[in-house]
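Summary of structural features
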Amino acid sequence: MTGGSRGIGAAIARKLAAEGADVALTYERAASRAAEVVASIEGLGRKALAIQADSADADALTAAVDQAAEALGGLDVLVNNAGVFPIGTVEDLSLADFDRALAVNVRAVFVATQAAVRHLRTGGRVITIGSTLGERVTGPGMSAYSASKAAVVGMSRAFARDLGPRGITSVVVHPGPTDTDMNPADGPHAASILALSAAGQHATPDDVAATVAHVAGPAGAFITGSTITVDGGVNA
Ligand code: NDP
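What comes next is a walk through the structure. (Residues numbered from 1 in each chain as written. Predicted model: local features only at pLDDT ≥ 70, side-chain atom pairs only at ≥ 80, totals over all residues.)

Observations regarding the overall build of the chain
Per the secondary structure count, the chain includes 7 helices and 6 strands. Counting helices and strands in the order they occur from the N terminus, the chain gives α-β-α-β-α-β-α-β-α-β-α-α-β. Here the C-alpha atoms of the chain give a radius of gyration of 17 Å, agreeing with the 18 Å that 2.2 N^0.38 yields for 236 residues. Projected onto the principal axes, the alpha-carbon positions of the chain cover approximately 45 × 35 × 35 Å. Scored against the burial criterion, the 236 residues of the chain give a buried share of 44%. The long-range fraction of contacts in the chain, counting pairs at least 24 apart against all pairs at least 6 apart in sequence, stands at 73%. (Helix = DSSP H or I, 4+ residues; strand = E, 2+ residues; numbered from the N terminus. Rg over C-alpha atoms; globule rule 2.2 N^0.38 Å. Buried ≥ 20, exposed ≤ 12 C-beta atoms within 10 Å, placed from the backbone. Contact = placed C-beta atoms within 7 Å.)

Here it is, written out as structure tokens:
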């Protein structure tokens, strides 16, 4: 999986390991946090490895996927999770931030999936972490991020068509506000975000991980080309 060192990705890595998976995860900078996740997975008796690879670097990301497949003896599930969240209105957002969002949140999903399908077995899964902000924009400053998360919905549906004949599914899981470094439950925007929430609170990373594990497991075998929202009713 991409971006497994912190937040939602770390929770997914631990959950899949708890359900019996060996896990390879990438990270960009947080080597010690990635090492903690690896140690906790090894504590569950599963194999784990962390690979430094900037998702915006296609060669590095492809090499990371190949390294993961080599170390784990093939692949059953790819989770495209790594993401960045640039905030800025159309008057303010820099082109560099826009390009970075597209590179990490969209292009890398294509790159990692293209690399992974060379290793994925029949029955494999491609699970991409989207966002409710890809479906409904609830405030200003989201143009790059919302564009990127809308883009992965179309791409994931297309992957489902491409990979269906090989028995590989492709699904987007859309978290709503989830308590991580990206969107802390005690952050300055929390009150306005939660005004939209039916549940009235942020999700935990474990809430999102539980749905990813469902899609990755036997119960997810016939879910493909779909989006699944885990948002406490923010987009209701
Ligand atoms: P965090 O910022 O807490 O963690 C981001 C993770 O992605 C880290 O592991 C980080 O690695 C990794 N990452 C970021 N950029 C890169 C890169 N260029 N190359 C490799 N790895 C990278 O984010 P969340 O856990 O909150 O978000 C995870 C996903 O969920 C993202 O796709 C995000 O858009 C989505 N999401 C999050 C929501 C929320 O409210 N938190 C809501 C909806 C969607 P490192 O630690 O090395 O920096």
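Structure's up, so let's keep going.
Things to note about helix H2 (residues 31-43)
With 13 residues, H2 extends 18 Å from end C-alpha to end C-alpha; this agrees with the ideal 18 Å at 1.5 Å per step. Turning to H2, its buried residues are Ala34, Val37, Val38 and Ile41. Buried residues along H2 cover an arc of 100° about the axis, so they all sit on one side. Turned more than 90 degrees away from the buried face of H2, the exposed residues are Ser32, Ala39 and Gly43. For H2, the secondary structure elements touched by its buried residues are helix H1 (7-18), strand E1 (23-27) and strand E2 (48-52). (Expected span 1.5 Å × (residues − 1). Arc of directions from axis to C-beta.)

Here we look at the site of the ligand
Neighbouring the ligand are 32 residues; Gly3, Gly7, Ala30, Gly83 and Thr180 lie closest to it. The greatest single-element share of the shell around the ligand, amounting to 3 residues, is contributed by H1. By residue class, the composition of the shell around the ligand is 12 nonpolar, 14 polar and 6 charged. (Near = placed C-beta within 6 Å. Nonpolar A, V, L, I, M, F, W, Y, C, P; charged D, E, K, R; others polar.)

Quick look at helix H4 (residues 95-116)
The end-to-end C-alpha distance of H4, which contains 22 residues, comes to 30 Å, matching closely the 32 Å that a straight helix rising 1.5 Å per residue would cover. The principal kink in H4, of about 40°, is found at Ala108. Next to the buried residues of H4 lie helix H3 (58-72), strand E3 (75-80), strand E4 (120-129) and helix H5 (143-163). (Bend = angle between axes of the 7 residues up to and from the residue.)

Notes on the sheet that holds E4
Pairing in this open sheet of 4 strands is parallel, and the strands run E3-E4-E5-E6 from one edge to the other. Of all strands in the sheet, those bounded by a partner on one side alone are E3 and strand E6 (227-230). Averaged over all adjacent pairs, the angle separating strand axes in this sheet is 20°, with direction ignored. Pairing of E4 with strand E5 (residues 169-175) involves 5 bridges; the strand directions are parallel. (Pairing = 2+ DSSP bridges. Axes fitted to C-alpha atoms, helices over the stretch in contact; angles between N-to-C directions.)

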